Amino acid sequence: MNFEFTAEQELLKKAAREVAEEVIAPRVEEMEKTKELPEDFYPIMAEAGFTGILVPEEYGGSNLGTLAAILVVEEISRVSAALGTSFQVHCLGYLPLVRLGSPELKAKYLPGVAAGQYIATGAITEASGGSDPTGGMTTTAVRDGDDWIINGRKCFISNNKTANCTWVTAVTKDQPKKEFTTFFVDKSMEGYKTGRMESKAGFHGLDNGDLIFQNCRVPHSNIILGEGKGITVAMTSIGRMGRMGMAAVGLGVIKASLDAAVKFANERVLYGKPIAHLQAVQFKIAEMTYLLEASRLLVYRAAWMTDQNVPDKELAPYVAMAKLYATDAAIKASDLAVEILGGYGVVEEYHVERYLRDARMIWAAAGTGDIMKLTVARMHLNG
Amino acid sequence: MRPLRIAVCVKPVPDPKESNRLQIDPATKTLVRKGIPLVINPLDRHALEAGIKLKEEAEGKVTVFSMAPPAAEQTLTETLAMGADEAVLLSDLRFAGGDTLATARVLAAGLKKMGEWDLIICGAESFDGGTAQVGPQLAVLLGIPWLTRVCQLKREDDNHLLVTVEDETEQRDLLAQLPLLITVDSAVNQPRRLSLLGILAARKRKVITFTADDLPVDLAGIGLNGSPTQTRDLFTHESTKKVELLTGSPQQVAIQLLDKLGLTEKGAGQ
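Residues numbered from 1 in each chain as written. Chains lettered and ligands numbered in written order. Predicted model: local features only at pLDDT ≥ 70, side-chain atom pairs only at ≥ 80, totals over all residues. Heavy atoms only, no water.

1. Section: the overall build of chain A
Of the regular secondary structure elements, chain A holds 12 helices and nine strands. Expected size for 383 residues packed as a compact globule is a radius of gyration near 21 Å; at 21 Å, chain A falls within 12% of this value. The buried share among the 383 residues of chain A stands at 56%. Just so you have it, chain A exposes about 16,200 Å², and 53% of that area is on carbon and sulfur atoms. Treating the 40 positive side-chain charges of chain A as one cloud and the 46 negative ones as another, the clouds have centres 5 Å apart. (Helix = DSSP H or I, 4+ residues; strand = E, 2+ residues; numbered from the N terminus. Rg over C-alpha atoms; globule rule 2.2 N^0.38 Å. Buried < 20%, exposed > 50% of the residue type's maximum accessible area, 1.4 Å probe, protein only. Areas by Shrake-Rupley, 256 points an atom, 1.4 Å probe, with all protein chains shown as cover. Lys, Arg positive; Asp, Glu negative; His and termini not counted. Charge placed at Lys NZ, Arg CZ, Asp CG, Glu CD.)

This is the structure we're talking about:
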C-alpha cells in the first residue's frame, strides 16, 4: 500500500490552497453577509484549470480524476465550505456527460465546461424528497417531434442561480411502469428558470433553491444515456461525485476547525499559561486530529476506488461510509472547536461557529446520514 | 529582442506560516525542521516570476538552480509548474553544512556546467538564513557585475535592463548591462499562482540532479569543512523589554518621566 500523494497531487493541493487563501479567504466575511457567490469565483477557478478537472483532454480538460477533484474540494472547503460545495456540485453536474454522454453532447458542452463558460448542477430532488425520487417525482417530459417538453419544479438545487446548465431527471412514461429519463439542459433553452432561493443556516455564498422547467423545450439529442435510464444517470452523478464531494467538504471543515482550535489553544492564556497545557483541551485536539485522519482515509480510498472504475453498486457503500463518517466528524470537530474557543466560539469573527453551521448542512446534502447507513447495511443484508 | 538565457537560484525554506514551530537543536545548533513543510523561499518566488516575465516578453529560457537535499525535488517541480523550463538540483551529502560562500561555489559550478547566462536572478535574501550574501558571492565567482534589492525591472534592449534599486535611504534608476546578476525584493512583481495547466505542463519537464562528482568544483571549498564561517552558537533571543505604566496627575507623571530620563532638575525646575 502507498499512502503518499504523488508530486503532482501535492502541487494540485497547493494550487487549490493558494486560490483558497489568496482569493477566497478575504471574501468570506462578505459572503456571510450577502449570501452571494463571488462573481469572479468561477473565472478564477477556470483560470487555475479546475473547472475542467474531470473533462477529458480532447475537450480541453485535464481529466485528473475523482481523487484530484476531491483534493481541490477539500482545500477550497477549508476556507469556504459554501464554495467547496458549489465547485463539487459543478463537477457532479457535468460528470454524467463525461461518463455517459453521447459524443455529440460531449462536444457541445465539455469544452465550455473546461473553459468556465458552462457552470453545471444536477436536478433530481423534488418537494416530495430526494432519497426516494422514483416514488414522488412529478416532473414530466413529453416527446414533441425531435424535442421533448419538460414541465416541473426541482428543489434544494445547489448552484440553482449560478449554474447555466444542468442535468434534470423527468418521468417519460407512466404506464405500465414509470420510466425516468435524464436530459441535459442549458439556459439558452426557453422555459428553464431559477425559482425561489432558500435561506439557510449555513453555506452562505452558495445559492440553493428551486429550478423551474416550464414548457422547456430540449432536443432529443440532449438525453443522457437513453430513454428510461434516467435514474442510472442521476445515481452515477451522485454516487461517483456528489456524496464524495460532500465528504470532502467535511474534510475541509474538520481541518479548518482543528487549525482554529490549535491556534486559539496556543495563544489563549489562562492561569498563567496557554490553555494548550490543559489536558481537557489536549483531549479535544487529539479527538479532532484522529477524526480528520480517519475521515481522510475513508474519503481518499473511496475516491481512489472511483478512479479504479469500480462499478456503481460495489462502490456505493464505500462512498456512503466516507460521506457518513466525514460528515459526523465535521459536526463533532467543529463543535469541539466551538467548545475550545469558549465565548469566542460563538463570535462570528473567529469563524468556528460558521464551521459548525456548515457541518450541519453537509449531513442532509446528497443523502442524509441515515440514508448512508442504509446503503452500507445493504453490503450485508437484503432489503 | 534577442531571447535571454536566464538562471534563477532558489532555496527551499521552512514554510514561514509555520515559523512558530521552528526550534533550535541545543546540541547541533541547527534548526529542527521536522514536520515543517518546505516551500520556495518567498523572495525567490519573486525572482522566478521576474525570470518568467522576461522570457514571456522575448522568449528565451529560464533554468532554476538549487543546492538542497534530495527532498527539494518537489520544490523544484513546483518551479517547473510555475513556468520554468528546466530545473537543476545540486544535491550531495558533501554539500551539507556549507556557509554562503560554499553554497555560492556549488551554485557557480552548477551554472557553469549548464552553459552561459545573460541574467542570473536571486531573491534578495532567504527567509531562514537572511544573510543576503549568496547572490553577490555568486556574481563574484562568475566574474560578472551585480545589483542587489532590485524593486523594478524592465528590458531596455538586447543587452540592457532598466532597473530600480532600493536601499535604506534612496531609490536609484540604473541602466544595467548584461550579463548581470540581480537580487530582487518583493516589490519587483506579484508572483503568479500555481495553476493546473502549469502543473500539467510540468509533466514534460524534468528536474536534473547533479552531485559533486558531476560538477567542476573543488571539494576543499564546499560543505561544512570548506566554509570559512562556522556557527558557534544559535539561540532564541529573550526579550527583556518591559512596559512600565506611570500613574498620577499629568504633573506627577511628567515629573516621574523626567526623573526616569535623568532630567529632573532641569525639567522640573528643581
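2. Here's the deal with the domain arrangement of chain B
Splitting chain B by domain gives domain 1 (5-221) and domain 2 (240-270). Here the C-alpha centre of domain 2 of chain B lies 52 Å away from the C-alpha centre of domain 1 of chain B. (Domains from an automatic or database assignment.)

3. A look at unusual backbone geometry
Residue P176 of chain A is bonded to the preceding Q175 of chain A through a cis peptide linkage, with omega at -5 degrees. Assignment of secondary structure puts P176 of chain A in the loop between β4 (165-173) and β5 (179-186). Residues L178 of chain B and P179 of chain B are joined by a peptide bond in cis, for which omega reads 0 degrees. Looking at the element boundaries, P179 of chain B is found in the loop between β11 (171-177) and β12 (180-184). Despite not being glycine, L225 of chain A shows a phi value in the positive range, around 75 degrees. Within the secondary structure, L225 of chain A is located in the loop between β7 (208-219) and α8 (230-267). For L225 of chain A, a relative accessible area of 36% gives the class partly exposed. Non-glycine residue N309 of chain A carries a positive phi angle of around 65 degrees. You can see N309 of chain A is positioned in the loop between α9 (279-307) and α10 (312-341).

4. Notes on the sheet that holds strand β7 (residues 86-90) of chain B
All names here are of chain B. Read from one edge to the other, the open sheet built from nine strands follows the order β11-β10-β9-β12-β8-β1-β6-β7-β13, with strand pairing classed as mixed. Only two strands of the sheet have a single neighbouring strand rather than two, namely β11 and β13 (207-210). Going across the sheet, the axis of each strand differs from the next one's by a mean of 30 degrees, ignoring polarity. Direction of pairing for strand β10 (residues 160-166) relative to β11: antiparallel, over a ladder of seven bridges. Note on β11: the bridge partner recorded for L162 is L175. Where helix α2 (residues 73-82) meets the sheet, it contacts β6 (61-67), β7 and β13, and its direction lies at approximately 160 degrees from that of β7. (Pairing = 2+ DSSP bridges. Axes fitted to C-alpha atoms, helices over the stretch in contact; angles between N-to-C directions. Contact = heavy atoms within 4.5 Å.)

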